[in-house]
Each structure stands twice: as C-alpha cells, then as structure tokens.
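Read off the chains here:
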Amino acid sequence: MGIRLRLSKQTLALLDALLVHPTQWHHGYALSQHTGLASGTLYPILMRLEKSGWLETRWEEAPVPGRPPRHFYRLKREGREWAREELGAAQETKFWKPAQGRV
Amino acid sequence: MTVPQSSLLSRVALTSMDLVVRLWPESSRRWGQAVLAEMGEISEPRAALSWAAGGILLFIRAVVEHIFEWISLPAGKGFPNAALPAGGSGRQFPKHSRLATAAVLLATAVLFFLPIGREATVTVKASWRGYVASDSDRRNLEKRAAQAEKEKDAREFAFVALSYPDPGRAAQFADRAVALDPELVWIYACRSRYQGGEDWTNSAGWLKRLKASDPDNAFVYLVSAYAAGEPGIEKIETKHGGTGQAIGAAETADGEWAAEMDRAFRAPNYDNYFERHKELAREGWKKTTGLSPGLVAIGLWSRTMPDPVQIRAHADLRVSQALREGAAGNVKEAETSLGELTRLGKRITAVGATPFEQAIGLGLTRRGLEGFEKLYLTNGQTNEASEIEAQLQAMETDTNERAHSYLGWRSQIVSGFRWRAVAVQASAISSLMLAVAIALSLLALEAGAASGWRRSGVGRSIACRVADYGPVLFLAASAVFLWSFQPIAKIFEQYRSAGQSNTETMGLFWQLFVLGDANPLLYFYKPYHQWLVGTIVLTAIALIVLLRGLTRQKPVPKIQWKSGRRRRRAEAN
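It should be emphasised that the depicted structure is a prediction, and the values quoted were computed from it without experimental measurement.

Rules and cut-offs
- Residues numbered from 1 in each chain as written.
- Chains lettered and ligands numbered in written order.
- Predicted model: local features only at pLDDT ≥ 70, side-chain atom pairs only at ≥ 80, totals over all residues.
- Heavy atoms only, no water.
- Axes fitted to C-alpha atoms, helices over the stretch in contact; angles between N-to-C directions.
- Helix = DSSP H or I, 4+ residues; strand = E, 2+ residues; numbered from the N terminus.
- Parallel < 35°, antiparallel > 145°, perpendicular 65-115°, else oblique.
- Left-handed = near helix turned anticlockwise from the far one by under 90°.
- Contact = heavy atoms within 4.5 Å.
- Nonpolar A, V, L, I, M, F, W, Y, C, P; charged D, E, K, R; others polar.
- Phe/Tyr/Trp six-rings, centres within 6.5 Å; stacked < 30°, edge-to-face > 60°.
- Pairing = 2+ DSSP bridges.
- Expected span 1.5 Å × (residues − 1).
- Buried < 20%, exposed > 50% of the residue type's maximum accessible area, 1.4 Å probe, protein only.

(A) Seen up close, the packing of helix H1 (residues 8-23) of chain B against helix H3 (residues 45-71) of chain B. Residue and element names in this part refer to chain B. Packing of H1 against H3 leaves a shortest axis separation of 8 Å and a crossing angle of 20°. Considering their axes alone, H1 and H3 lie roughly parallel with respect to each other. In the crossing of H1 with H3, the sense of the turn from one axis to the other is left-handed. Here H1 contributes Leu9, Ser10, Ala13, Ser16, Met17, Val20 and Leu23 to the contact with H3, which in turn contributes Pro45, Ala48, Leu49, Ala52, Gly55, Ile56 and Phe59. The residue inventory of the contact of H1 with H3, partitioned by class, reads 11 nonpolar, 3 polar and no charged.

Okay, here's the thing in structure tokens:
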C-alpha cells in the first residue's frame, strides 16, 4: 500500500473506532466523540489513512437542507485486515489497549 | 451556512471556520469543508469552539504544507491554471525548484550584506553618479549629525560639515561644531571651495575668529583675501594673464583685499589644514565604513586652496612695486618685499598637498626670484644676479623633475589599476543586469501562471532559462565583483586605520577617478556609441532570426535517383 503510517495511540484508537461497525460509514464528529480526539488531531490521522490507501471517504448524498454535505469515512476491506493486525500487535506489546467494553 | 447557532460562542466558531475554509488551499480544502460540515451537529457552544479551533490548526498545517509543496516546484508551477497545453515549443517550466532558486539568490544576497559587499556597492554606485552625493548620503550624514548632537561630539559635526554637499546646511553643522569646540574654527576655511555656493557675506565672523586663533598662518589671510573678493582682478587675469592691466587692477584694488594679501605674504607660516582635514575624514570614515567614498575623498580633493589668479596678481604687483623701489634706490625694501614673496612660494611648495597647490608655490617662487634677478641686474649687482639665475635654473630642474615624477606615478597608478577597475565595473553591471533579468523572468513566470499565461513560446523558454541559469550566474558575477573590489577595500581600510602620506591619499583619489572612468555606461552617453550599440544589437537580432530560419527549414524530401534502365521501365509501366 501507500505510505507507511506511524501508529500512535491516537491512530490505534481511531482504527479501533472505525472497526466498531466496520462496513458502516462514520462521520468525523462521531469518531471524535468515540475516541476523545480533538478535530485538530483526528483529521490529520484520517488524511494520512486516506493517503496510505486504507481509508475510503464519501460525501453525504442527500444532505439536510440548509446544511453542507457531511464527509463519511470507513476502512477498506484490506484496511480492516491491516487495522486488526496492527491493533492485535499493539495489544500484544501492551503499547495500546482497547477502550473499556471492547476486546 | 444556515445552521442555526444560538450562542455567541457558537456563532464565532462557525464564522471563523467558514472564513478559514474560504482561505484553505484548494488541494486540501475538502478536509476543511468536512470539519465545517460537522459543526451543524455540535450543539454545545464550547465544544463547537474547540472543534473550530482544531479546524484552524488543521488549516495552518495545510497552509504550511502547501507552501512547502509550492516552494519545491519550479517557478510558475503550482497554480491551477499553470498547466500548459501539450506540444508547445521550448521549455515550459524551469528545471530547478523555487527553493533551489531562492537558496542561490539568498546566498548572493548574503554576499551583498557582508561589509565588503556593502562597501563595494556604495562605492560603485557613487562612481556611477560621478561621486556626487545622493539623497541617501545626505540622510546618512543627517543621521550622524543627530547622533553627534546627542553625544555633543564636535569632531563628528565637523566631519559632517566638511562632507555635506549643500552649503547652507553644511554651514549650520560647522557652526554647531565650532560652538562645541572653538578650536575647530579652521573647518570654515576648508569647506569654502568644496561647497561651491558658499555665502561669503557671512564669513566675517568666522574669519575674525580664525585669524585670532591662527594669526601667523598665511593660508588664513589668503582665504580672507578671497572672501574680500576682487572679481575685477580675476576677470582681467583670466583674459590677459599677468599683464600690466592685471597689475594695474591689483594696484587699484580695494584696501581690504590688498591688506589681507599683504598679511598673507608677511605671515611666517603656511598651513592649509590638509593634515587636520585628512585626520577628521579618516575618523569619520572609520565610524561608518559604508559611507560613500565620494563624500570623504572628494571633500578632501576639492578643499580650499590659495586662489592662483589672485595670488599671481598680488605677486606681480609686489614685483612691480619692488622694482620701482629698487629704481628709486630703496633696494633693502625691495629685497624684503621680494623675499616675502619667495618665502611664501617655498612654503606653499613644501606644504602643498596636491601637485596643483605645489605648482602655485613654485610659480610664486619663480616670480620672486625673477623679480630679484631684474632688481640686481638693474642695479648692476651681477654676482647676486648670477646667484639668483643659478637658483632659478635649479628650481626649473626641480619643477621638471616633480612634474615628471608625478606624471610617471599617476600613469603607473592609472595603468596598474585600470583592469581592476574594469573588472569591478563589468562585474557590477553584469550583476545588476542579471538581477533585473532574474526578477523579470520570475515575475513573468509566477504572475503569468497566476493570470493564465498559457503560451509556451520563445518568451517562456527564455524566462525558464534565465530562471535556471541566472541565479548561478548572478552568484558568480557577484563573487567576481567582490573579489575584484578587494584591493580597493584594502586601500580604503589602510586609509581608515592609519595615517597615510599625502602621496598615498592622492593615490586613493586617482583610483577612485579611474574606477569612475571605467564605467562602460559612461561611454553610452555619447551618440556615436549609442548608434554603435544599437547597430550591434540589431545585427545580432538579424543573425539570430536568420539562423533560426535556416535551422527550422522543412527537410527537403529525398530524391530517389534511378538508373536509366529502371527509369525507362518505370515510364513504360
């Protein structure tokens, strides 16, 4: 795939959030609430994931009138596999652990 | 965006984010739009503000990334409408990135900010103006005067007064210098000639003080006589030389002028204040090395000297009066008068800082000795007359030797320095022309790209080549400029750091003149040279057009030569 990612704890948390409902589309604010990441941290990670080819994005097709279309994100199939591997490895090395309630 | 935002904080957050998205670099603007779109979902004002703050950080990051991306592309690339249609002739963009171009230009700029770079620039610029003071020189001197006022520095004021080109303002600085240190009253006498428009009507005050402070100095009385003025003598002298008319004019001159001249001839000393002026200029120049050498050197070069016309008129009058006294039997009085004349001539010759001043002294001595010879011959004192004749011959030899030695020395300096001066001027002009060409090319590429310049012809190709090779050539030309200026900088430094002899100071003047004369642009003022350059340029253009035409001719289809038998077969078919 594309560029190599630096897997920080924040990136791992985001991958974890994207894997909650892996086939569904997520929007930025929901991901922020799930991970606790501020927009200034969240979006650069999303940008890097997209650039490296693990993440796919799309714009909302039928936005609420009077509001701009929202941007949605989800991991690609190969992205999901990669994310699971990375999360597993991080858990093994105890670099990262999932949020409470998740295994 | 029409999302209802109730609180002030929310509205501030939304408006800021909306503004930021408008300014967002186009390549990553969608991410800004994504952040903005989420704000409709955030109801809590503090959370909205925090979300917008994150968005602004993201925007800053995008801008920085965009700048880095932009700078790593060649000039003219990176704008949405900068893409050129394919298939155009010549180069479309320079080979090197903006960063590489900027780095070379920055390195060149650093050279010009070095002390030697600043000094070289100031000196060459001054030489292009014929060492006439510029507005920037005036501002520089005004700044120094303001500083001198703060520090109550009389010598600094004196330096400014001697260097300032406008007589009125210079007089104010001189007044201030003398008010702080009355010993500096001599500066009035030094600046009088340089500042051509000197108002002599106000000279009475300082002349009185100068005479009081230096009563035995002949120079003071010569300046005073000049201030008293006798334009009639000057006019007659200029027209007729040392004729009877001039002597008559001198005889009938007003009493003040004649009295001052008389005092000058009787004074036991002669000091033209050149050494003091030189020392003051040295001190002043040392304080600001970036000062135009024109201000320092030309100030010294154009300082006051005894007026040769007036001095000759008075000398002729003295000789004429002495001969009359001698004829009347008052030989002693005649000898005293001629003795004063000869002694002043010898003093001026000895102290004279320039060959011109020395020549005034030699001329005066010769007049005195010739007067002695006539006096003794008229009175039948043949032995004394022969002795004077021998002195005159020795003086003639001395004059010739001086002239010979001076001309040889000057020619040595001029010829030894000419090529260096040509190198300085040529590299300076090349640097300037390259700087202009680079600036125009980069401007054309960048502004052209921004405004949709989509032509990719010869103009663009030239701009690309200039943007590619110009900065390196500019750096090289600037390095040559500073390298060739080094010996001049060394001479300036020697002048500033230690007292130089008058001959060395004269050498400095001549080198500055040679540098000014080596400016090739000077020759361009002459109509003949303008025609010549015009013809060369037009011929070069015509040659280029011709060569391009020849090289671009369509290839002639190859003729298939057939043998007679094959041709006949083909015709039969």
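(B) The arrangement of the packing of aromatic side chains in detail. On inspection of all chains with the given rule, the structure shows 19 aromatic pairs over all chains. Both rings, one in tryptophan 54 of chain A and one in tryptophan 82 of chain A, keep their centres 4.5 Å apart while their planes meet at 10°; by these two values the pair is stacked. With tryptophan 54 of chain A in the loop between helix H3 (39-52) and strand S2 (55-59) and tryptophan 82 of chain A in helix H4 (residues 77-92), this pair connects stretches of sequence that are 28 residues apart. Pairing tyrosine 73 of chain A with tryptophan 31 of chain B gives two aromatic rings, centres 6.0 Å apart and planes at 5°, and the pair type is stacked. With tyrosine 73 of chain A in strand S3 (residues 71-75) and tryptophan 31 of chain B in helix H2 (residues 29-38), this residue pair bridges two chains.

(C) Structural view of the sheet that holds S3 of chain A. If you walk across this open sheet you meet the 3 strands as S1-S3-S2 (chain A), and the pairing is antiparallel. Looking along the sheet, the strands with just one partner apiece sit at the ends: strand S1 (26-27) and S2 of chain A. Helix-sheet contacts for H2 of chain B involve S1, S2 and S3 of chain A, and the interaxial angle to S3 of chain A is about 105°.

(D) Looking closely at H3 of chain A. Residues and elements named next belong to chain A. Taking 1.5 Å per residue as the helical rise, H3 with its 14 residues ought to reach 20 Å, and the 20 Å between its terminal C-alpha atoms agrees with that figure. Residues Ser39, Leu42, Tyr43, Pro44, Ile45, Leu46, Leu49 and Ser52 constitute the buried set of H3. Of the residues flanking the end of H3, it is glycine 53, one or two places downstream, whose phi is positive at about 95°.

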